[in-house]
Structures are given as C-alpha cells and as structure tokens.
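The residues making up each chain are set out below.
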Amino acid sequence: MPIQYIGTAGKYGLNKDLSKHELPPEVWSDALNVRFLDGLAHQAFGYGEYLSDAAVVPYHLLPIQVGSNKYWLYASDKKIYAVTVSGGVITHTNLTRQSVGVDVDYSAEYNSWTSDSLSGIPILNSGTFQDYPQQWGLDVAQNFANLSNWPANVYCKSLRRFKQFLVALNIKDGSDLFPFMVWWSHPADPGAVPVSWDYNDTTVDAGRFDLGEGYGSIVDGLQLRDVFMVYRENTIHRGDFVGGTSIFRWSKALGDSGVWNRNCIAEIAGKHAILTNSDIIVHDGNTPESVLDKNLRRWLFQNIDVANFGTSFVFKNPFFNEVYICFPAIGSTVPNMAVVWNYQDNTTSIKEMPSVLHANVGPIDPSWIGTWGSDPDPWGVDETSWDGPDIVPASQRVQMGSGDGNIYMLDGAYSYNGALPNVLLERRGLSFGTTDQIKFVKAIRPIIRGQLGSIVKVSVGGHDDIEGEPIWTTKQFIIGTTTACFFLVSGRYIAVKYETENAYKFRLDSYTVEYDLVGSWP
C-alpha cells in the first residue's frame, strides 16, 4: 500500500492561479484564515476590540506618543478624535477643528485621508480639495487647526513627510489643477512645522516641480531610505535630495507600474510593497519584482469589486513579517478580504476582514492587555494568562478602523471578535505521480496541534475531471485523541480538506495519505 507523505504543510502556502494538478503536493489550492509561517499551516489569529466605543466611524488611524501617553488619532468623514488608555480606562476626545467653539466638519471620503508625523507633530490631510492640511499641538485641550504657514487657496491630494520637509502631491492652486505637481516646503526646525512654502522666495528651500513625463495623475508618495518616491497612476518617480538651488533632482524610476490608490504602499526592509492596477510589486527604487504573479495575481483582480476598488489599501504587520492587501470582494463596498503576503517566507494566504477602512501599526498601552474588557475569546478556549502577556507582544500592534464603527486590534484574539473563525485548508488535484490510475484512499494521518479536545473536520474527496467537484467524505479529528481518519474514497484525483468545527486555534504540521492503486483510468 503506497503512502504519500506531505510534510511542511505551510512551506509554499496558497496558489489559486496555476493548474491544481501541476502544483507540488505541499501547495494548497484553496485556503482561508490560515497563516503560512515557518513551514507550518497555522489557523490565523483573529481580532478583538482594543479601543472600544469609537465616537465616529474610523476612516483613518495614526498612532502618536506624547511623553508617556500613547494616543491613537482616528478620523472619519467629518471629525478627528484622539483615544487613549490610562489605568485601563478608555477616553475618546474630540479634536476636530473649531471656529468660535463650534466644530468645522471635514469633507473626507473612504481612503482619502493621508497622514504623517513631523518631529512628533501629527499632520493629517483629507485629500478632497476642500480642506487645508491639519496639525495638532499634542495637547488634548487643543483641537486640530490648519497647518501653519500653508499657502492660501491651495489644496493637495496627499501630504507626506520626507526628512524635515513636507511634500504635497497633486495640487489645486486656486481654481487651477496641477495633477502632476510636487510641492515641497522649507525644511522644518526640530519640533516645529515648516515656516514657508513660498517657492518664489530665494531665501528658503521651498519649491515646486511638475512631473510632466508620462501620463497619469500623482496618487501618493512615501520616503524610501534616503529618497522620496512619487507614485502616479502608471509610473513611479524618485526625488533625490541634492541641495543647492535645485534642492531635489526628479527622475522616472519605473515606467510600467503606478499605484492603485492612496495608502497602497508599505515599507519593508528598505523596499516598497505597492498595490498597482494589475499586481503587487516590491521595488528598491530601481528594480521591481512581482509578489503575486503565477500565484494569486489573477485571482485577486478577478475578485475585487470594480465599483469600489478605490477603498483598497495596504498595511504592514511587522511581528509576523506580513503585508496585508485589503480589498472589497465582489458585492462589498469596503474591504472585507485581504491577501496576506509573508515577505520572509514568501508565502501568500487569504483572510477575512471586518469591513476595514484603514489600519496602522503603533504602540499600545499594556495596561489594557490581559483585562476582561480587552479579551473577546470564550473562557473555555482562552489560553492566555490572566493579567499576563497577550498572544502577540504589546510593543507594536496593528489597529484597524472598521466600517462598523469599531477599532479592532489585529492578532489580538484567537476568535474573530468572539466568533468562531471560518478556517479552510484545501488541496485538489493530487495525483501522487500518476494521472492514469484510480486511487483508493484508506486513511489520512495528520499531525495537528492545538487545544486538546477541540475538533477539526478532515475531508477526502475523489474527482476524475480535474475541474470537477469532488465527492466528499468527512470525519472528525479530535486533537489529542485521534491519530488517523479512515476513509473509503476513490478517484483519479484526490482532494483533501481541513476545516475547523469548534477549534479556535489549530496548526497543521504535515499529513500522510494511505491509498491503493486500483485500476487504470479511463
């Protein structure tokens, strides 16, 4: 009786673009809410409310530290709030700009805010050509106000920091539109904002430059090591600081790729990972590399809701060396799914998301971790120590602003805010080296680790047509008790599937398939 051993169950991750029967047996043809890490397939951690009872729907998040106080700023379409935790108590403070003590609402949209911190001063820009950039004086007794020394009747789509400069991108100056323009400030003094944006003043280093080469408006920008990268719809340009009268030298870096929308860039290990209009690429300022080609690229762009693609965004999850590409699946108006790329292991997976509008990584107050209020997991499945460390260190965590009005902490729970996660690992098209013989599967022996007594469903199916639907047989695998699941399943191709039944966490290390060859096909 042949035995097929399939080890390192998370070595290659998920591939939904290539033909199933041509893939190595360790590659999964479908997966959901699984983290492929260190060669193993882990049920992905979930999320829970960290900063509860948000006052407005959080369209955008920015972490800020003032002395020993850790704040998270969150902006909606109309308001900006600060939230902090002190002694386990959560406080939300309205910081919206005011006139004569009355809020002056902003005019933002989904994924229109951009933000940065200049010498610790938070700068937010609504990006709709209706609001001036905003700054905050780091005192909750004061509200946000128009950025000091910003030119009158000037607006920009994106505002980012580079060294001690602020860089405005895609400009409206009065009634004139300059979609290819980069406008930078005079460098700011430490602890201050720039004193001038006057590009006609020869005594300051402010300036403007129009990226006339190519086509497509400027979308966003971000610092990459010692240069500033400007992302247009179809090209990428770089600004090298040269000083003198020019200040910057601008040149086209890449001519075949742009960026999908604002907030679609993540910095990883001295490179940028970006969502373009046809791929996820990584580049060092010169050479691009595809992340998803011949893996999940076609699947991703066939499953994004075209009418709402502009809500897609990208963020980094540094503890697990991951980049999340969040997008609205067909039928959704905001991102409810993410392609997750592990840039160390070079594996990809797919994860369900709680209608996220933006996410960011930053410090949190450890006094809230380990308390009753911060832990959504059912008592019977929670394995973290009372008032002890959480499942991920508290130093830097990802917070996610959700369309349901909550701020969730990624990897803050085994559950999905208290709900049992929907976990799937599936491989179809297993031929075990021969496509012209029928296989008769007798047993699956998986190595599954997790909470003792919890149940994982193990299914085996047979299918003769590679695109045909397998006829499944399902058995229960009780962690700590079951060693093998026995089947009577035959087919030209074999399919294997693992799903959670009541397990809030499990890990698949490897598995073996015991089978006989019982005849030729057809």
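Residues numbered from 1 in each chain as written. Predicted model: local features only at pLDDT ≥ 70, side-chain atom pairs only at ≥ 80, totals over all residues. Heavy atoms only, no water.

Here we look at the nonpolar core
Leu300, Leu425, Ile444, Tyr498, Leu508 and Tyr511 are the most contacted members of the largest nonpolar core, which has 69 residues in total. Sorting elements by how many residues they give to this core places strand 41 (residues 506-520) first, with five residues. The next biggest cluster of nonpolar side chains, apart from the first, holds 18 residues, and it includes Leu73, Ala75, Val334 and Leu357. (Core = buried A, V, L, I, M, F, W, Y, C linked by side-chain atoms within 4.5 Å. Buried < 20%, exposed > 50% of the residue type's maximum accessible area, 1.4 Å probe, protein only. Helix = DSSP H or I, 4+ residues; strand = E, 2+ residues; numbered from the N terminus.)

Here's the deal with unusual backbone geometry
Phi is positive for Ile247, close to 70 degrees, though the residue is something other than glycine. The buried category is assigned to Ile247, whose relative accessible area is 4%. Positive phi is not limited to glycine here, since Phe432 has a value of about 55 degrees. Structurally, Phe432 is set in the loop between strand 35 (424-430) and strand 36 (437-450). Among the residues examined, Phe432 registers a relative accessible area of 14% and is labelled buried.

Comments concerning the state of the cysteines
Under the defined criterion, the tally for this structure stands at zero disulfides. Cys264 takes part in no disulfide bond, and the closest cysteine sulfur, belonging to Cys326, lies 9.6 Å away. For Cys264, a relative accessible area of 0% gives the class buried. (Disulfide = S-S within 2.5 Å.)

Some remarks on the sheet that holds strand 34 (residues 407-410)
Sheet strands line up and pair through hydrogen bonds in the backbone, either parallel or antiparallel. Reading across from one edge, 5-34-33-32 is the order of the four strands in this open sheet, with antiparallel pairing throughout. Each edge of the open sheet is held by one strand with a lone partner, namely strand 5 (47-51) and strand 32 (356-362). In this sheet, adjacent strand axes meet at a mean angle of 35 degrees when their direction is disregarded. Here six bridges tie strand 32 to strand 33 (residues 397-402), and the two strands are oriented antiparallel to one another. Along strand 33, the bridge assignment pairs Ala359 with Met400. (Pairing = 2+ DSSP bridges. Axes fitted to C-alpha atoms, helices over the stretch in contact; angles between N-to-C directions.)

Quick word on the packing of aromatic side chains
For the structure on display, the rule yields 32 aromatic pairs. Seen in terms of ring centroids, Tyr59 and Tyr110 are 4.9 Å apart; in terms of plane orientation they differ by 40 degrees. Their pairing is tilted. Here the residue Tyr59 occupies a position in the loop between strand 5 and strand 6 (60-66), and Tyr110 occupies one in the loop between strand 11 (102-103) and strand 12 (114-118), the gap between them amounting to 51 residues. Judged by relative accessible area, Tyr59 falls into the buried class, the value being 13%. Residue classification places Tyr110 among the partly exposed positions, given a relative accessible area of 39%. When the ring of Trp136 is compared with that of Phe144, the centres are 6.1 Å apart and the planes differ by 20 degrees; the resulting orientation is stacked. Through a chain of ring-to-ring contacts, three or more aromatic side chains come together here, namely Phe162, Phe165, Trp184, Phe209, Phe228, Phe241, Phe248 and Trp250. A cation over an aromatic ring shows up here: Arg35 above the ring of Phe320, its NZ or CZ 3.7 Å from the ring centre. The side chain of Lys157 reaches across the aromatic face of Phe129, ending 4.6 Å from its centre. (Phe/Tyr/Trp six-rings, centres within 6.5 Å; stacked < 30°, edge-to-face > 60°. Lys NZ or Arg CZ within 6 Å of the ring centre and 35° of its normal.)

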